[in-house]
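Next come the chains, spelled out residue by residue.
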Amino acid sequence: MIKRLEYWFENALFASRWILAPFYVGLVLSMVLLLVVFCREFAEAVPAAVTMSIEEAILKVLTLLDLALAANLILVVILAGYENFVSKIDTEGHEDRPGWMGTTSFAGLKLKLYASIVAISGIQLLKVFMGLGHGSVDPGTLGWMTLIHFTFVITAILSALTDFLSSRTGSVH
């Protein structure tokens with residue numbers, strides 16, 4: 001009786017991973033939201049391109065790049081998270097299957113997340129630096145943004161180092 005109860009309990013725990021599926025659907029919809037914002041930003045930039053300064057054009061492109069990086073980050077979380085925690089995605093042999101799918105561990109996913117966050121933070125900081133000559137940028141805000149960016153960089157480096165050291169000692173992630 002106890003063994004059967006344990007069996008049902010463990011199967012229920014295992015099946016609970018499907019609770020994550022709606023989160024991934026929500027993330028797919030958030031990519032649609034980013035696409036709408038991307039299209040709006042692009043549509044606003046096209047007519048203004050003729051009169052835009054170089055700095056304005058670079059800032060607009062950095063904004064579009066920022067949105068694309070955020071969408072990439074979401075896609076990596078969706079695919080790797082689903083495969084790691086819910087179920088394998090059966091796309092073997094598909095010509096467009098990304099090489100990292102099915103091989104990205106939780107540690108690898110974490111490093112991809114950190115790298116994306118650092119890139120997005122760096123782009124935001126670059127946009128502020130480029131705007132320095134065109135308006136008032138509060139030095140305190142600039143200082144905080146720089147500190148936060150370097151905090152992301154240090155966190156990414158320490159996380160990568162921790163994962164590297166754990167893999168060398170045979171520790172389980």
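Since we're looking at a predicted model, the values are computed, not measured. (Residues numbered from 1 in each chain as written. Predicted model: local features only at pLDDT ≥ 70, side-chain atom pairs only at ≥ 80, totals over all residues. Heavy atoms only, no water.)

A. Here's a closer look at a nonpolar patch on the surface. Side chains of Ile 117, Trp 144, Leu 147, Ile 148 and Phe 152 sit close together on the surface and give an oily, nonpolar patch of about 480 Å² of accessible area. By residue number, the principal contributor to the nonpolar patch is helix α5 (residues 139-169), which donates four residues. Counting through the fold element by element, Trp 144 comes out in helix α5. (Patch = residues over 30% accessible without salt bridge, like charges linked within 9 Å, V, L, I, M, F, W, Y side chains within 5 Å. Areas by Shrake-Rupley, 256 points an atom, 1.4 Å probe, with all protein chains shown as cover. Salt bridge = Lys/Arg side-chain N within 4 Å of Asp/Glu carboxyl O. Helix = DSSP H or I, 4+ residues; strand = E, 2+ residues; numbered from the N terminus.)

B. Fine view of the nonpolar core. If you look at the biggest cluster of nonpolar residues, it comprises seven residues: Tyr 24, Leu 34, Leu 67, Ala 70, Ile 74, Ile 78 and Val 86. Going through the elements one at a time, α2 (21-48) and α3 (54-85) are the ones with two or more residues in this core. In this structure, Ile 78 is in contact with Tyr 24, Leu 27, Val 28 and Met 31, ignoring residues within four places of it in sequence. (Core = buried A, V, L, I, M, F, W, Y, C linked by side-chain atoms within 4.5 Å. Buried < 20%, exposed > 50% of the residue type's maximum accessible area, 1.4 Å probe, protein only. Contact = heavy atoms within 4.5 Å.)

C. Main features of the pattern of salt bridges. Under the definition given, this model contains five salt bridges. When the shortest N-O distance is used, the salt bridge between Lys 60 and Glu 41 registers 2.7 Å. Pair noted here: Lys 60 is in helix α3 and Glu 41 is in helix α2, with a separation of 19 residues, a long-range link. Of the residues examined, Glu 41 reaches a relative accessible area of 12% and is grouped as buried. Across the pair Asp 163 and Lys 110 runs a salt bridge whose closest N-O atoms are separated by 3.4 Å. With Asp 163 in helix α5 and Lys 110 in helix α4 (residues 106-130), this residue pair connects regions lying 53 residues apart in the sequence. Residue class for Lys 110 comes out partly exposed when judged on its relative accessible area of 25%. Members of the salt-bridge network, linked through shared partners, are Arg 40, Glu 41, Glu 44 and Lys 60.

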